[in-house]
Amino acid sequence: HFLYICYYLGGTFVSGASVFGFGNGTAKGGSPRARVAAYRICYPPVNGSECFDADIIAGFDAAISDGVDVLSVSLGSEPTAFFNDSVAIGSFHAVNNGIVVVCSAGNSGPVESTVSNVAPWEITVGASTMDREFPNYVVLGNQMRYKVLSLFLFLFWFHPLSLVVMLLIMGLCCRLLCKPGTLDPKKVKGKILVCLRGITARVDKGEQAAVVGAVGMVLANDLSTGNEVVADAHVLPASHVNYGSGLEIFHYINSTKEPIAYITPSKTQIGTKPAPLMAAFSSKGPNKITPDILKPDITAPGVSIIAAYTEAQGPTRVQFNSVSGTSMSCPHVAGIVGLLITLHPHWSPAAIKSAIMTTASTRDNKLEPILNASNTMANPFNYGAGHIRPNKAMDPGLVYDLTIKDHLNFLCALGYNDTLISSFTQDDTHKCPSQPITLSNYNYPSIAIPSFNGSMSVTRTVTNIGSPGIYRARVKNPSGVSVSVEPDVLEFKKAGEVKSFRVLFNGSKVGNRGKEYVFGGLVWEDGKHKVKSPIVLKWSS
């Protein structure tokens, strides 16, 4: 397969975009009529590698030379030091040329500290659901009905068929996972096959089922994927059930000699609640490289996204497919960045990032806290500042701005010498300050304190990019920690005015030293704007 660095999600309007007729409508880019360019940076594997640093840097340099406005980078790997990270170096070059770089957070969730693309000059995007689903139902012989998600072309018979789980061939792991070569046609033909999610691709499991003669498939989540169900385009009638439903289906199969079931057709449903939910696959913080910088920065729709597709790939051979991943959420944010650049062409990349982050929401459409796929409350290590809200980002009120000099001083604070810094800039005039900045004082729109000893303060600076106003600070204290702001009132008399403040943290050393992070928030309000920053904090061991 090939991966690309491209402009942003743009292009013209396309009518009749759907997957097997589901979700039918007119598709448009996040920045309609924007010109789109793609730069190939990955090629067929050579010795197991397909994306080489030289090609990645060359892709960035070509985009810079072409004068792009924003880069959408659906590419990532295991987090590594920035001087060894070609995406971090290439994106620094781009930002140095005024280009906003939006990157995928990765699809290695729900494991902690898996988030990639963690450089602070990048916008790092997680993935969450939206309020559109493609539901259908699995109905068992005991009349239990399970709402599930799937997309398939052919309607299924409404009379029950035998339900089977492959338990008699190869190892138990391979059988349940419906891996190639593990299914017995004699036991599967004409039946609905139940497969466990994992290892192989979801659609590939359905293809394996169809190859051996199954007429349907139920795909059941394991514990790690919990309640995250995805509407894939399958080659046979199929249903994707969550972990709890999967347990009940397995129990039913084991409790009767002749388990039967049928699958109903899918439909398009709009306005589903709750939404958004965090995707289980979305990579999570903390930031493994620089835990003082909260990553990901933001989350956006990245589950069951109708996307243009090559008919040369995949068993379903469709022009549009239902695709999930942070490679889907990343271009959503890039498209919004394109609109913000159109509205505010003089905003810096850091100002645009700040506007997106400080206006995000941590509530779903039921006005409840956003949940994980496991139905537990999500936190900033899942969604960063929250779920993106484009209309709010157009008028954020205040922004936390940063310059290239700030980014270079950040590298100085990491202990980078002149040789390492030369990978990022050819500016020989920059010298690291004699007193390096404290990473916690880097003017980021979020606040992360990975080693709290009971008392400390951080400094932030905000720039007014709106009308004159008086902003008052409001804080949500992390558990066991008291947060105050000095000054707690900021008055701006004109646009472009800059003011600094300190955030003070104090906590009792008795009974509050935990191994886990605690979460809070800071909000500046003027009656019209709410400029929000998440706070994550962990006591030093």
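Cut-offs and rules
- Residues numbered from 1 in each chain as written.
- Predicted model: local features only at pLDDT ≥ 70, side-chain atom pairs only at ≥ 80, totals over all residues.
- Heavy atoms only, no water.
- Salt bridge = Lys/Arg side-chain N within 4 Å of Asp/Glu carboxyl O.
- Helix = DSSP H or I, 4+ residues; strand = E, 2+ residues; numbered from the N terminus.
- Pairing = 2+ DSSP bridges.
- Axes fitted to C-alpha atoms, helices over the stretch in contact; angles between N-to-C directions.

**Some words on the pattern of salt bridges**
Two side chains of opposite charge can pair, provided their charged atoms sit close to one another.
Moving on, step 1. Within the structure shown, the criterion is met by 11 salt bridges.
Moving on, step 2. The partner of Glu 133 in a salt bridge is Lys 147, with the nearest N and O atoms 3.4 Å apart. In this pair, Glu 133 sits in strand S12 (residues 132-133) while Lys 147 sits in strand S14 (residues 145-149), placing the two residues 14 residues apart along the sequence.
Moving on, step 3. Residue Glu 525 is joined to Arg 474 by a salt bridge in which the shortest nitrogen-to-oxygen separation is 3.0 Å. Of this pair, Glu 525 sits in strand S33 (residues 518-525) while Arg 474 sits in strand S29 (residues 469-476), and the two are 51 residues apart along the sequence.
Moving on, step 4. A network of salt bridges, in which partner residues are shared, links Lys 295, Asp 297 and Lys 353.

**Structural notes on the sheet that holds S29**
Moving on, step 1. Reading across the sheet, the 5 strands line up as S27-S34-S33-S29-S31 and stay open at both edges, with mixed pairing between neighbours. Strands at the two margins of the open sheet, each flanked by one partner only, are strand S27 (447-452) and strand S31 (489-492). Strand-to-strand twist across the sheet, computed as the mean angle between neighbouring axes with direction ignored, equals 20 degrees.
Moving on, step 2. In the sheet, S27 pairs with strand S34 (residues 530-539) via 4 bridges, with the strands oriented parallel. From the neighbouring strand, Ile 447 faces S34, where its bridge partner is Ile 535.

**Quick notes on the sheet that holds strand S28 (residues 455-464)**
Moving on, step 1. An order of S26-S28-S32-S30 is seen for the 4 strands of this open sheet, with the pairing classed as antiparallel. Strands with a single pairing partner mark the edges of an open sheet, and in this sheet they are strand S26 (398-399) and strand S30 (481-486).
Moving on, step 2. Bridging between S26 and S28 involves 2 bridges; their strand directions are antiparallel. Along S28, the bridge assignment pairs Leu 398 with Asn 464.

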